[in-house]
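# Summary of structural features
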Amino acid sequence: MSVDSIPLGEVRSPSRVLALLRQGKSAAVWLCLVAVAASALYPIFFLFSTALRTKADYEASPGGFPQALTTDHVSEAFSAVHFGSYALNSLLVVVPAVAIIAVLSSLASYALIHFNFPLRKGALVLVVLLMAVPPAVILIPIFKVILDAGLLNDRLGLILVYAALNLPFSIYLLASFMKAVPSELLNAAKIDGAGALRTLWSVVLPLVRPGLLTLLTLNFLFLWNEFLYSLVLLQTEGNRTIMVGIAQLQGRFAKDYGLISAGLLLSMIPPLLIFVFFQRDLARGLTAGAVK
Amino acid sequence: MLLLLPAAALLGWLMVYPTGEAIHLSFTNWDGFSPPHSIGLENFSDLLHDKRFKEALLHNLAFVASMPIWVGLPYGIAWALHRKVFGWKFFRFAFFLPVVLSPVVIGVYYMIVLRPNGPLNSALESVGLGFLAAEWLNDPSIALPTVIAIIIWATMGIGVLIFLSGLSSLDTEQIDAARVDGASPWQIQRHVIFWQMLPVIEFWAILIVILSFTALFPLIYTLTYGRNDTSVVDFFLYQEAFTAGNLGYASAVGVVMLIVIGVVGGGVLGLLRIRRRGA
C-alpha cells in the first residue's frame, strides 16, 4: 500500500466547519502551487514575447501580452552580437569535454568496481573527497596551471579543466550503476576469452546505458551553463562562450531588452531540449546520493 | 591499474595538484606576472581586517540562515505532489524548469523583470498593489533578500525532486501503526515522517550550505555586480584575483572559504542531530 492512500488529513469529528476549513486549506495550498508553477514557467513566455515585440510595445506593458511584433531583435542577435558564434564556441568546448568525461569515467568506474588492486579503497575515498572540492576554491591555481601550460585563451585548456572538474562526480555516478552488474557476467566473458576493454565495451556499457545517458545529459547541462571558468580561461572575443557573451551583453546593450531576450532564448535551446526529452535521466542524476 | 591511468593523470594534474597549490599560493603575494613570493601569514591577517571580506562572508551566512524556507518550501511542495494533488504531474514538470536554466540566464532574466519600471512593478501597480513596488535590486536594504529569494526559486526544483524520492521510500508500516494508535496527522508528520526523512533533509541542508558559498557568483555578477550590499565571497575572490590582480590574496580567500564551508556544514549537521537526540 502506498502512503498516498492514507488519509492523513482526515477529519475525525464530523463537524462541518472543520470540513469547510480543510477544503479551504487544500484550495489555498493548490493556489500556492499554481502561483509557484506560474513563476517557474513565466520566463519562457516573457522572453519569447519580449524578443518578438517592438521596444515601444514592451515599454507600454513590460510583462503583458505583445501587441506589435517584430523579428528585428532576433536578426540583431546574430548580426550585431554574433550569438551564433558564441553558441558554436560553447559547443566546441562542451562536446569534447563531455566525450572525455564519458570515456575516462567509464574506464575508471569499471576498474574501481570490478577489479581488485592495492589502494582500491583509497582511490574510491579520493574520488569522494575531490567531489567535495568547490570549483571556486581551486580557480586560481587552475588558472596558474593553464597559464604556465600556455593554454590560456585556448579551448583545449577549458576542455581539460571542465573534464577534470566533473570527473569525480561522474565516476561516482557511474560506479553506482556498475555495482549492479553481476560479476558472473564478467567472469563468463573472461572465460570466453574477452579482454578487459572488450568486456567493458560489449558487456558492461550496454548494461549501464541509463547511467551513461544520465551522465551525458547532466554533464552537458552543467558545462553548457557554466560561467566562472569560462569567463576566466577564455577571454578573447573570438572564443567567448555563450554564457559569458550573455552576461557581458548588459553592459553594451543595457536597455535593449528585446535583443537580450533573444540571446537568452538562444542560449536556452539545449537546456530546454534536455528539460523536455531527458527530464527523467536528469532527475536520476540529481537525486543520486540523496537516497541510498 | 591501466584503466585508471587516464582519469588519474587528469585528476592529478587539474584537481589534486591545484588543491595543494591553492594552499601554497595563499601564503604568497602572486600578482599573475612575477613569480609568487612567500609572505607567510600576511594574507590571512589582512583578511581578518578586511571589511569588504567580512561583509561578503556575512552575506553568505545570510543565505545559509534562510535555510528554513529553503528546506520548507520544497518539502511542502514535495508533500503536496506526493499526495497527488490535482495536476501533480504538471506541477512536477513545471517546477523543474528553473533547474535546467543557467544561473547566468536566471540572473539576466531577473535583472530585467525586477527593474524599477519593469514587469513586476508595473504588474503590481496594475492590480492596485503599487505600494509593494520597490527598487528590488537597487535598494541596499532589500537587494540581498531579493537575491536570496531568487536562488531559493532557482534551486527549489532540485529540492522537490530529492524530497519526492525520499517520500516515495517511506516505511508505510510505521505510519500505519502510528495512525492506528490514534496519532494526529501533525504528530505523524513530526514524530514519524520527519525522522524517516532526516537523512534526506541532511543531504539537502549540506547542499544548501555548499550552494550558499560557491554557487552565487554568476547570479551576483549578472544581478548586481556586488553593488548594494550584495557581495559574497566567491564574487570577492574573483574581483581580488582578476580585477585587482591580487591572486595570492584571493587564494587565501579560497582557503578560508573552504574552512568556513566545513565549519558551517558541520554546525548544521550538528543542529539536526541534536534534534534527533532530543526527541
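Residues numbered from 1 in each chain as written. Chains lettered and ligands numbered in written order. Predicted model: local features only at pLDDT ≥ 70, side-chain atom pairs only at ≥ 80, totals over all residues. Heavy atoms only, no water.

Before going further, it helps to examine the overall build of chain B. When helices and strands are tallied, chain B shows 14 helices and 0 strands. Order of helices (α) and strands (β) in chain B, N terminus to C terminus: α-α-α-α-α-α-α-α-α-α-α-α-α-α. Summarising its shape, the C-alpha atoms of chain B cover approximately 70 × 60 × 40 Å along the three principal directions. Counting all 279 residues of chain B, 53% fall into the buried class. Within chain B, counting contacts between residues at least 6 apart in sequence, those at least 24 apart form 67% of the total. Taken as a whole, chain B presents about 12,100 Å² of accessible surface, with 66% of it coming from carbon and sulfur. The averaged location of the 17 negative side-chain charges in chain B is 12 Å from the averaged location of its 15 positive side-chain charges. (Helix = DSSP H or I, 4+ residues; strand = E, 2+ residues; numbered from the N terminus. Buried < 20%, exposed > 50% of the residue type's maximum accessible area, 1.4 Å probe, protein only. Contact = heavy atoms within 4.5 Å. Areas by Shrake-Rupley, 256 points an atom, 1.4 Å probe, with all protein chains shown as cover. Lys, Arg positive; Asp, Glu negative; His and termini not counted. Charge placed at Lys NZ, Arg CZ, Asp CG, Glu CD.)

This part is about the interface of chain A and chain B. Frequently, the measure chosen for interface size is the accessible area that the parts lose on association. With 90 residues of chain A at the interface, the matching set in chain B holds 90 residues. Roughly 7,900 Å² is buried in total at the junction of chain A and chain B, and carbon and sulfur atoms are behind 82% of that figure. Counting the contacts that link chain A with chain B gives 0 salt bridges. Across the contact surface, chain A and chain B share 5 residue pairs in polar contact (both at pLDDT 80 or more). Broken down by element, the residue count for the side of chain A that touches chain B peaks at 14 residues, all from helix 1 (residues 16-52) of chain A. Class assignment for the residues of the side of chain A that touches chain B results in 74 nonpolar, 12 polar and 4 charged. (Buried area = accessible area lost by both parts, 1.4 Å probe. Salt bridge = Lys/Arg side-chain N within 4 Å of Asp/Glu carboxyl O. Polar contact = N/O pair within 3.5 Å; in protein donor to acceptor, adjacent residues only side chain to side chain. Nonpolar A, V, L, I, M, F, W, Y, C, P; charged D, E, K, R; others polar.)

With that settled, consider the pattern of salt bridges. Residues and elements named next belong to chain B. If you walk through the whole model with that rule in mind, you get 7 salt bridges over all chains. A salt bridge links Arg52 to Asp50; the shortest N-O distance between them is 3.2 Å. Lys51 serves as the salt-bridge partner of Glu55, at 3.9 Å between the closest nitrogen and oxygen. Remark: Lys51 and Glu55 occur in helix 3 (residues 51-65); sequence separation between them is 4 residues, near one turn of the helix.

Moving on, we come to helix 6 (residues 139-148) of chain A. All names here are of chain A. Taken across its 10 residues, helix 6 has 8 buried, putting it largely inside the fold. Every buried residue of helix 6 is listed here: Leu139, Ile140, Pro141, Ile142, Phe143, Lys144, Val145 and Ile146. Within two residues after helix 6, Gly150 carries a phi angle of roughly 70°, on the positive side.

Moving on to the confidence of the model for chain B. Looking at chain B, the pLDDT average stands at 92 and 98% of residues meet or exceed 70. The ipTM assigned to the predicted complex is 0.92, against a pTM of 0.91. (pLDDT = per-residue confidence, 0-100.)

Before going further, it helps to examine the side chain of Thr287 of chain A. You can see Thr287 of chain A is positioned in the segment after helix 15 (279-286). In terms of polar contacts, Thr287 of chain A uses its side chain to reach the backbone carbonyl oxygen of Ala283 of chain A, at 3.0 Å. Dropping the residues within four chain positions of it, Thr287 of chain A is found in contact with Leu161, Ile162 and Ser165 of chain B.

Residue and element names in this part refer to chain B. Despite not being glycine, Lys84 shows a phi value in the positive range, around 55°. Residue position: Lys84 is located in the loop between helix 4 (67-82) and helix 5 (88-95). A positive phi is found at Asp229, a non-glycine position, where the angle reads about 60°. With respect to the helices and strands, Asp229 occurs in the loop between helix 12 (217-223) and helix 13 (233-242). A residue is classified by how much of its surface remains accessible, and Asp229, at 42% relative accessible area, is partly exposed.

At a minimum axis distance of 11 Å, the contact between helix 14 (residues 257-277) of chain A and helix 7 (residues 103-113) of chain B shows a crossing angle of 155°. Comparing the axis directions of helix 14 of chain A and helix 7 of chain B gives the class roughly antiparallel. Here helix 14 of chain A and helix 7 of chain B pass one another in a crossing that is left-handed. Along the contact surface, helix 14 of chain A presents Tyr257, Ile260, Ser261, Leu264, Ser267 and Met268 of chain A, while helix 7 of chain B presents Val105, Val108, Tyr109 and Ile112 of chain B. (Axes fitted to C-alpha atoms, helices over the stretch in contact; angles between N-to-C directions. Parallel < 35°, antiparallel > 145°, perpendicular 65-115°, else oblique. Left-handed = near helix turned anticlockwise from the far one by under 90°.)

Residues and elements named next belong to chain B. Relative to the helices and strands, Val209 is located in helix 11 (residues 185-214). Each C-alpha atom of the pair Val209 and Asp171 lies 28 Å from the other, and the pair is 38 residues apart in sequence. Among residues more than four places away in sequence, those in contact with Val209 are Val64, Met67, Ile261, Val264, Gly265 and Val268.

Turning to the packing of aromatic side chains, a few remarks are in order. Going through the model one piece at a time under the given rule, you end up with 33 aromatic pairs over all chains. Between Phe83 of chain A and Tyr86 of chain A the ring centres are 5.8 Å apart and the planes differ by 90°, which places this aromatic pair in the edge-to-face class. Here Tyr86 of chain A and Phe83 of chain A lie together in helix 4 (residues 83-114), a separation of 3 residues that amounts to about one turn. Phe83 of chain A sits in the buried class, given a relative accessible area of 0%. Accessibility expressed as a relative area gives 1% for Tyr86 of chain A, which makes it buried. Consider the rings of Phe143 of chain A and Phe242 of chain B, whose centres lie 5.0 Å apart with planes at 85°: the pair is edge-to-face. (Phe/Tyr/Trp six-rings, centres within 6.5 Å; stacked < 30°, edge-to-face > 60°.)

Turning our eyes to something else, we now look at the environment of His59 of chain B. Residues and elements named next belong to chain B. If you trace the backbone, His59 turns up in helix 3. Each C-alpha atom, one on His59 and one on Leu144, is 7.6 Å from the other, the two residues being 85 residues apart in sequence. If near-sequence neighbours (up to four positions away) are discounted, His59 is found in contact with Leu144, Asp229, Thr230, Ser231 and Val232. Within polar-contact distance, the side chain of His59 engages the backbone oxygen of Asp229 at 3.4 Å.

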